[in-house]
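Chain residues, written in single-letter form:
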Amino acid sequence: MDKKISIDYSYTYPYIDDSKIENYMDEVKKAMNTLWKGTGSGADFLGWRELPNERLQSQELSKIIEVGNEINEKADLLICVGIGGSYLGAKAVLEALSHPFYNYLSKNDRKGPKILFAGQNISGSWLSAVLDEIDKVDSVYVNVISKSGTTTEPGIAFRSLKSKLEKKYGKIEAAKKIITTTDAKKGALRTLANNEGYRTFIIPDDVGGRFSVLTPVGLLPIVSAGIEASKLLKGALEASIYGKEEDISKNPAATYAMIRNLLLKAGYHTEILVNYEPALHYFSEWWKQLYGESEGKNGKGIFTASVDFTTDLHSMGQWIQDGQRFIFETTLNVVAPISDLKVASDKEDLDGMEFLAGKTYEDINKKAMQGTLVAHYEGKVPNMIINIPELNSYYLGQLIYMFEQACGISGYLLGVNPFDQPGVEAYKKNMFALLNKPGSEDAKKLLDEKMASMPSGKITK
Ligand code: PA5
């Protein structure tokens, strides 16, 4: 039988203790029930809970696999266009499960197209570089992803990509290489897809962007890269089964949500997700968005940060060891490495490292992790460890689902709606007013007044 991921929260003691856990248990169970029964705020966005189950059996999965395989075989380059939840899930899974230098490998070794991302920023330099890549290869596909279909960043990136593809292939051929992932009925992207005859995948109404990696949003790019979607979904399904476990000691999602909220109550309001595998860098980015956007509202929420160790032990290590004390860490421990090798022997030993010769890099990495855990614990940084048996599709599926479920529970424990993001609108409103978007005249006036009353002139000469 496959093992499951586990949460070791030993190193969070004495900042929390058994009596605090005991006293909090009823609240945690209540939050779990609210989530499972769908009686809390944001209950219209709970579709992610059943995704692994539905997707595993759906015809849509077959369609995703069919189109994904087509891209995998025919494309030299796939450009994924999207931002936030319409980008980070796919990016996280691709980075976690692909060769570290995937895009640099030969086509044969890669076993899939090069994959680039666009529309996750408004940088002209970034987009120009992506557009240049289109000239270098024969077959380019674009997957434009936006649930609302109205988001500025992917919207304006897609304008340039569409025009470039139409110049390269002609309108009719370009339309065959553009795939949209959007709402079933609403939004400009839906209208565009209908008008241009693009193939389209639907993002379910009841799944919010940052919970959508197990919909076509994440699955189409993932399958296009040659990764088996079914294994990811099986892992998620397994996590959804043990996520229903009422005994919290057997339920990693509930345990994780409970411990981080107890640490928050103890004054630890910043959580740093730590990894020792560079492949998990973008997983942390996905996690930061999931929790940051879900919990940071109404003056509440744990601030989410991340580091890649041991790399960042040489940049942020000092601060974590010795700076202000309001942080806790959650360490992702991949138990078995994907591949490994031994440190070479050099009898001259000028660097004094011969004592490491013959040891595997994984041995050393694990010792670095253990040493860091103890050092940071001594430095008064509480630590949770998430043990992941291996970094493969199955366990990544478990981890994704576990974090999504824990995010729902944690949001309810905090007393916020974890499934909305009203704060994201503020910058958009101002940006549109500054760009004189039709209809934003009143907002522009208001903004001009606000800007006039903002502090100014404090600038170096
Ligand atoms: O989690 C969310 O809802 C957001 O991060 C969205 O995914 C992001 O804003 C992109 O939205 P859309 O898919 O509508 O373009």
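Note that the coordinates shown come from a computational prediction; the quantities given were computed from them, not determined experimentally.

What should I look at first to understand the overall build of the protein in this one?
Within the protein, the regular secondary structure consists of 18 helices and 10 strands. A globule of 461 residues ought to have a C-alpha radius of gyration of about 23 Å, and the protein, at 24 Å, matches this closely. Projected onto the principal axes, the alpha-carbon positions of the protein cover approximately 65 × 60 × 60 Å. Taking the intrachain contacts of the protein between residues at least 6 apart in sequence as the baseline, contacts between residues at least 24 apart amount to 78%. Mean positive and mean negative side-chain charge positions of the protein (54 and 59 charges, respectively) differ by 6 Å.

What is the right way to look at the pattern of salt bridges in this model?
Side chains carrying opposite charge are able to pair once their charged atoms draw close together. One pass over the full model with this rule turns up 23 salt bridges. We note a salt bridge from Glu166 to Lys171, for which the minimum N-O separation is 3.3 Å. Glu354 is the partner of Lys347 in a salt bridge, and the nearest nitrogen-oxygen pair spans 3.6 Å. By relative accessible area, which is 72% here, Lys347 ends up exposed.

Looking at this structure, how should I read helix α1 (residues 18–37)?
For an α-helix, the turn length of 3.6 residues means that residues three or four places apart are oriented alike. Look at α1: 28 Å from first C-alpha to last across 20 residues, which is about the 28 Å you get at 1.5 Å a residue. Of all the bends in α1, the greatest measures close to 45° and is centred on Tyr24. Those residues of α1 that sit buried are Ile21, Tyr24, Met25, Val28, Ala31, Met32, Thr34, Leu35 and Trp36.

Got a minute to help me understand the packing of α1 against helix α16 (residues 393–414) in this structure?
To characterise two packed helices, one gives the angle between the axes of the helices and the distance between these axes. Where α1 contacts α16, the axes come no closer than 9 Å and their chain directions differ by 115°. Between α1 and α16 the crossing geometry is right-handed. Where α1 approaches α16, its residues Tyr24, Glu27, Val28, Ala31, Met32, Thr34, Leu35 and Trp36 are matched on the opposing element by Tyr401, Gln405, Gly408, Ile409, Tyr412 and Leu413. Grouping the constituent residues of the contact of α1 with α16 by class yields 10 nonpolar, 3 polar and 1 charged.

It is not clear to me how a nonpolar patch on the surface should be interpreted in this structure. Could you clarify?
A grouping of Leu434, Met451 and Met454 is seen on the molecular surface, where their side chains present a nonpolar patch of about 300 Å² in accessible area. Its location among the elements puts Met451 in helix α18 (residues 441–452). Note on Met451: relative accessible area 42%, which makes it partly exposed.

How do you make sense of the packing of aromatic side chains when you look at a structure like this?
Given two aromatic rings, their pairing is described by the distance between the two centres and the angle made by the two planes. The final tally for this structure, using the stated rule, is 19 aromatic pairs. Measuring from ring centre to ring centre gives 5.2 Å for Phe211 and Phe419, while their planes differ by 55°; the resulting arrangement is tilted. Taken together, the residues Phe211 in the loop between β6 (199–202) and α10 (216–224) and Phe419 in the loop between α16 and α17 (425–434) connect sequence positions 208 residues apart. Judged by relative accessible area, Phe211 falls into the buried class, the value being 2%. Taking relative accessible area as the criterion, Phe419 reaches 6% and is therefore assigned buried. An aromatic cluster is present here, built from Tyr256, Phe283, Trp286, Trp287, Tyr291 and Phe403 joined pairwise through their rings. Cation over ring: Lys4 sits above Tyr242, and NZ or CZ is 4.4 Å from the ring centre. The residue whose ring lies beneath Lys177 is Tyr169, and the NZ or CZ to ring-centre distance is 4.8 Å.

So what exactly am I meant to see when it comes to the environment of Gly112 here?
Among the structural elements, Gly112 can be located in the loop between α5 (107–110) and β3 (114–118). When its relative accessible area of 5% is taken as the criterion, Gly112 is described as buried. For Gly112 and Met25, which are 87 residues apart along the polypeptide, the C-alpha to C-alpha distance reads 47 Å. The residues touching Gly112, leaving out its near neighbours within four places in the chain, are Asn72, Tyr102, Lys107 and Ser224.

Honestly, the nonpolar core in this entry has me stumped. Any pointers?
When a protein is soluble and globular, its nonpolar side chains tend to lie buried together. One finds Tyr256, Phe283, Trp286, Met402 and Phe403 to be the most contacted residues of the largest nonpolar core, which totals 90 residues. Residue contributions to this core peak at 13 residues, all from α16. Setting aside residues up to four positions removed in sequence, Trp286 forms contacts with Leu88, Gly89, Ala92, Arg210, Val213, Ile400, Phe403 and Glu404. Counting residues in hydrophobic clusters, the runner-up holds 22 residues, among them Leu127, Val137, Leu161 and Ala174.

Is there a simple way to explain the site of the ligand in this structure?
Looking at the ligand, there are 13 residues lining it, with Ser86, Ser146, Ser148, Thr151 and Gln289 nearest. Here Ser146 contributes a side-chain N or O atom positioned 2.6 Å from an oxygen atom of the ligand. Side-chain polar atom of Thr151 to an oxygen atom of the ligand: 2.5 Å apart, as the coordinates give it. For the ligand, the accessible surface in isolation is 380 Å², of which the surrounding protein chains cover 87%. Partitioned by chemical class, the residues of the shell around the ligand number 1 nonpolar, 9 polar and 3 charged.

Where do I start with a negative patch on the surface in this structure?
Taken together, the side chains of Asp18, Glu22, Asp26 and Glu27 make up a negatively charged region of the molecular surface. Tracing the backbone through its elements, the reader meets Glu22 in helix α1.

When you look at the side chain of Asn387 in this model, what are you seeing that I'm missing?
Following the sequence through the fold, Asn387 ends up in strand β10 (residues 383–390). Within polar-contact distance, the side chain of Asn387 engages the side chain of Asn333 at 2.8 Å. Not counting residues up to four positions away in its chain, the partners in contact with Asn387 are Ile5, Ser6, Asp8, Asn333 and Val335.

What counts and how
Residues numbered from 1 in each chain as written. Predicted model: local features only at pLDDT ≥ 70, side-chain atom pairs only at ≥ 80, totals over all residues. Heavy atoms only, no water. Helix = DSSP H or I, 4+ residues; strand = E, 2+ residues; numbered from the N terminus. Rg over C-alpha atoms; globule rule 2.2 N^0.38 Å. Contact = heavy atoms within 4.5 Å. Lys, Arg positive; Asp, Glu negative; His and termini not counted. Charge placed at Lys NZ, Arg CZ, Asp CG, Glu CD. Salt bridge = Lys/Arg side-chain N within 4 Å of Asp/Glu carboxyl O. Buried < 20%, exposed > 50% of the residue type's maximum accessible area, 1.4 Å probe, protein only. Expected span 1.5 Å × (residues − 1). Bend = angle between axes of the 7 residues up to and from the residue. Axes fitted to C-alpha atoms, helices over the stretch in contact; angles between N-to-C directions. Left-handed = near helix turned anticlockwise from the far one by under 90°. Nonpolar A, V, L, I, M, F, W, Y, C, P; charged D, E, K, R; others polar. Patch = residues over 30% accessible without salt bridge, like charges linked within 9 Å, V, L, I, M, F, W, Y side chains within 5 Å. Areas by Shrake-Rupley, 256 points an atom, 1.4 Å probe, with all protein chains shown as cover. Phe/Tyr/Trp six-rings, centres within 6.5 Å; stacked < 30°, edge-to-face > 60°. Lys NZ or Arg CZ within 6 Å of the ring centre and 35° of its normal. Core = buried A, V, L, I, M, F, W, Y, C linked by side-chain atoms within 4.5 Å. Near = heavy atom within 4 Å. Polar contact = N/O pair within 3.5 Å; in protein donor to acceptor, adjacent residues only side chain to side chain.

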